[in-house]
Amino acid sequence: MRRDRLYFFCGIGGSGMLPLALIVQSRGHVVAGSDRALDQGRTAAKFDFLRARGIALYPQDGSGPIGQDTIVVTSAAVEETVPDVQAARREGAALMTRAELLAELFNSAPLSIGIAGTSGKSTTTGMVGWLLHRAGRRPTVMNGAVMRNFVTPDLPFASALVGDGEPFVAEVDESDGSIARYTPKIAAINNIALDHKSMEELRRLFSDFTAKAGMAVLNLDNDETARLAADVPASRRLTYSLGNPAADLVAADIRPAPEGIGFTVREAGGSPVPVSLKVPGRHNVANALAALATAKACGMALSEAAAGMAEFAGIRRRLEIVGRAGGVTVIDDFGHNPDKIAATLETLHEFPGRLLVLFQPHGFGPLRLMKDGFISCFAGHLNPGDVLIMPDPVYYGGTVERAVTSTDIVEGVKARGRDARFFPARQACGEELLALARPGDRMVVMGARDDTLATFAQGLLAQLAPAA
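Parameters and conventions
Residues numbered from 1 in each chain as written. Predicted model: local features only at pLDDT ≥ 70, side-chain atom pairs only at ≥ 80, totals over all residues. Heavy atoms only, no water. Helix = DSSP H or I, 4+ residues; strand = E, 2+ residues; numbered from the N terminus. Rg over C-alpha atoms; globule rule 2.2 N^0.38 Å. Buried < 20%, exposed > 50% of the residue type's maximum accessible area, 1.4 Å probe, protein only. Contact = heavy atoms within 4.5 Å. Areas by Shrake-Rupley, 256 points an atom, 1.4 Å probe, with all protein chains shown as cover. Pairing = 2+ DSSP bridges. Axes fitted to C-alpha atoms, helices over the stretch in contact; angles between N-to-C directions. Parallel < 35°, antiparallel > 145°, perpendicular 65-115°, else oblique. Left-handed = near helix turned anticlockwise from the far one by under 90°. Nonpolar A, V, L, I, M, F, W, Y, C, P; charged D, E, K, R; others polar. Salt bridge = Lys/Arg side-chain N within 4 Å of Asp/Glu carboxyl O. Expected span 1.5 Å × (residues − 1).

**Focus: the overall build of the protein**
Phase 1: Helix and strand counts for the protein stand at 15 helices and 21 strands.
Phase 2: Taking 468 residues into account, the globule formula puts the C-alpha radius of gyration at 23 Å, and the protein, at 22 Å, falls close to it.
Phase 3: Burial status across the protein gives 55% buried among its 468 residues.
Phase 4: Put simply, 67% of the contacts in the protein that link residues at least 6 apart link residues at least 24 apart.
Phase 5: With the model as given, the accessible surface of the protein reaches about 18,300 Å², and the carbon-plus-sulfur share is 50%.

**With respect to the sheet that holds strand β16 (residues 320-325)**
Phase 1: Reading across the sheet, the 6 strands line up as β16-β17-β21-β18-β19-β20 and stay open at both edges, with mixed pairing between neighbours. Two strands in the sheet have a free side with no partner beyond their single neighbour: β16 and β20 (419-422). Strand-to-strand twist of the sheet, defined as the mean angle between neighbouring strand axes without regard to direction, takes the value 20 degrees.
Phase 2: Here strand β17 (residues 328-333) runs beside strand β21 (residues 442-447); their pairing, made up of 5 bridges, is parallel. From the neighbouring strand, Ile331 faces β21, where its bridge partner is Val444.

**A few points about the sheet that holds strand β11 (residues 215-219)**
Phase 1: As summarised here, the arrangement of the 10 strands in space is β8-β7-β9-β6-β10-β11-β12-β13-β14-β15, forming an open sheet in which the pairing is mixed. Here the strands that pair on one side only, and so sit at the sheet edges, are β8 (160-161) and β15 (273-277).
Phase 2: Note that strand β6 (residues 111-116) and strand β10 (residues 186-189) share 4 bridges and pair parallel. Residue Ile115 lies in a different strand from β10, and its bridge partner there is Ala188.
Phase 3: Along the sheet face, helix α6 (residues 121-134) touches β6, β7 (140-142), β8, β9 (167-171) and β15 and points at about 165 degrees away from the line of β9.

**Things to note about the environment of Gly269**
Phase 1: Take Gly269: it is sitting in the loop between β14 (260-267) and β15.
Phase 2: For the pair Gly269 and Asp248, spaced 21 residues apart in sequence, the C-alpha to C-alpha distance is 9.6 Å.

**Some thoughts on the packing of helix α7 (residues 199-212) against helix α8 (residues 223-230)**
Phase 1: Here α7 crosses α8 at 40 degrees, and the two axes come no closer than 11 Å. Considering their axes alone, α7 and α8 lie oblique with respect to each other. The way α7 lies across α8 gives a crossing that is right-handed. Of α8, the residues touching α7 (which contributes Met199, Arg203, Phe206, Ser207 and Thr210) are Glu224, Arg227 and Leu228.
Phase 2: Of the residues that constitute the contact of α7 with α8, the class distribution is 3 nonpolar, 2 polar and 3 charged.

**So, the pattern of salt bridges**
Phase 1: A full pass over the atoms with the stated rule returns 19 salt bridges.
Phase 2: For Arg316, the salt bridge goes to Glu320, with nearest N and O atoms at 3.5 Å.
Phase 3: Using a relative accessible area of 31% as the deciding quantity, one classes Arg316 as partly exposed.
Phase 4: The closest approach of N and O atoms between Asp441 and Arg354, which form a salt bridge, is 2.8 Å. Here Arg354 lies in the loop between α11 (338-348) and β18 (355-360) and Asp441 lies in the loop between α14 (426-436) and β21, a separation of 87 residues in the sequence. Each member of the pair Asp441 and Arg354 is classed as buried.
Phase 5: Through salt bridges with shared partners, a single network forms among Arg203, Glu224 and Arg227.

**Notes on the environment of Ile189**
Phase 1: Its location among the elements puts Ile189 in strand β10.
Phase 2: Remark: the alpha-carbon pair of Ile189 and Asn222, spanning 33 residues in sequence, is separated by 9.9 Å.
Phase 3: Residues contacting Ile189, with those up to four places away along its chain left out, are Ala116, Gly117, Phe206, Phe209, Thr210, Val217, Leu218, Asn219, Thr225, Leu228 and Tyr240.

**Let's talk about helix α15 (residues 452-464)**
Phase 1: Between its first and last C-alpha, α15 extends 19 Å over 13 residues, near the 18 Å set by a 1.5 Å rise per residue.
Phase 2: Those residues of α15 lying buried are Thr452, Leu453, Ala454, Phe456, Ala457, Leu460, Leu461 and Leu464.
Phase 3: Tucked into the core, α15 has its buried residues touching β16, β17, β18, α14 and β21.

Here it is in structure tokens:
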């Protein structure tokens, strides 16, 4: 990376762009950026945070300081028609994708640790980052979500941790195929399921990623990752499971609680080690096993890593309890594909209380790809009495095919005997949630790629408060 050039992040407020911008700035580079959310007046606190850290922000209209000595960094969501991209072409600035820049940093690290998989990446990345930080390894961590362990008054958007040690822990994305750019020393794959790409393409991407790693951490409870594990020599893999004795790390004695979960973990030939998590759900037991195995691959003792898990505070918008009012609990969750949504619903149904679910799809493309999966997921995991409410998908502009809409999902779920309702505007969905709410209910706001969902959940809580 050249220190005499400005790095201009187009879409700097994005979940994958903001932490990368912070890491690049920490390496001594000048960073600036733009974002259409800034232009639209959304999520002002995030942009105030960036300005407070000395990052200049500009309208996304091509008026930023883009010249021949500028590297313009774009995410997959940034289209060629965006004025900043056109300015870069016109002025002869270098263009680089977020994935290209992250891979450059990642691949040059002495201990590159890539966390991959369809679901659980952000949580596992946060867990591994916390365990290494707690052990004094001074990791750099690049996550796609805010890690609550690292939040401070000066760092409210702690989706990155800047360290000067050997480990570089990164959430690695398969949705745009950029996983192919990374060469990990340690590769962890939680699971593989249909999301953004066909299963055939996903199998190839994850297989290639695993083949490049010095050590692969793989989940034997997922058919696809178990198939990968069978092709990796035993000397280059660590496996984990919630019950399969063939795994290197096995969980047992799982004890769910409303706001956490406990279990024991055993490695081959060892005694059971107790683990206590402050985050609920069996899926988080799997995430913890992946993190424990990754820590073991980094040279940590299982007992030390297990003790650190008790201090892991969780990830923002992952089954995050916003608050309680009027006997109703409001929960904010990132669930946006069938596997993630199923994990959330299964976790919540471990305990009593009706679910009032608002699910905002994160785009028309995912709706088209996963229509049948969404319908089966909600129909199979909503209980009688639960209610699903859906608005139109999030949309920020650009060209998009609207062949499948939220209405198609709602009608499919209704046809399977569950209560599902559609309102085009999210505000109307919120009004319906509030009208339905009664003491004992859990109100769940679900969706991705929209930071205002967290604000929306907080607003629902505030409107419930007078009834307390």
